[in-house]
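Take a look at the letters that make up each chain.
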Amino acid sequence: MEQKSNRSRLIGLIHVQKTSAGLDDSTYRIIVSGATGKESCSDCSMQELRAVFNDLNTVLEKQNKKTFRFYYKKEQPTLLDAVSARSRKILGSGWKDRLDSFVQTRFKKESYTKCGENELRSIMAFLSKTERREHEKK
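As the structure is a prediction and not an experimental result, all values here were calculated from the model. (Residues numbered from 1 in each chain as written. Predicted model: local features only at pLDDT ≥ 70, side-chain atom pairs only at ≥ 80, totals over all residues. Heavy atoms only, no water.)

## With respect to helix α6 (residues 117-137)
Here is step 1: Taking 1.5 Å per residue as the helical rise, α6 with its 21 residues ought to reach 30 Å, and the 31 Å between its terminal C-alpha atoms agrees with that figure.
Here is step 2: Turning to α6, its buried residues are E119, L120, I123, M124, L127 and T130. The buried residues of α6 occupy an angular sector of 150° when projected down its axis, which confines them to one face. Exposed residues on α6 whose side chains face more than 90 degrees from its buried face are N118, H135 and E136.
Here is step 3: Its buried side turned inward, α6 meets α4 (79-91) and α5 (95-107). (Helix = DSSP H or I, 4+ residues; strand = E, 2+ residues; numbered from the N terminus. Expected span 1.5 Å × (residues − 1). Buried < 20%, exposed > 50% of the residue type's maximum accessible area, 1.4 Å probe, protein only. Arc of directions from axis to C-beta. Contact = heavy atoms within 4.5 Å.)

Put into structure tokens, the structure is as follows:
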């Protein structure tokens, strides 16, 4: 049986908080939107999920109900994590915008986070070429 990622564990815990607080779907979505500007937890980053988690714990606290704790489990980094880290290093500030522009042009997807494994490998190749060009200039 495959272990759940920290992300899916946190989303599951957020839904348990929602049920424990007795929130209807529209109230829950207002809390998610207020914390992140997004309508669904599936669209959120881990940092945004933590903000939703903390806000729901505040709601539970005000209701004098038990709050929840979330502990990160050590995970293997994914190819997406590698692309993010390498892009930050090679492309510098504004790396997300530059990477998303490349992905929109090359793969017709809105963001590098929506890419599959083969596309992420292509991005790594693009980053390698970019790094080589920068080395050759020096």
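## Digging into unusual backbone geometry
In most cases, non-glycine residues show a negative phi, while peptide bonds are predominantly trans.
Here is step 1: Unusually for a residue other than glycine, N64 sits at a positive phi of about 55°.
Here is step 2: On the secondary structure map, N64 appears in the loop between α3 (46-62) and α4.

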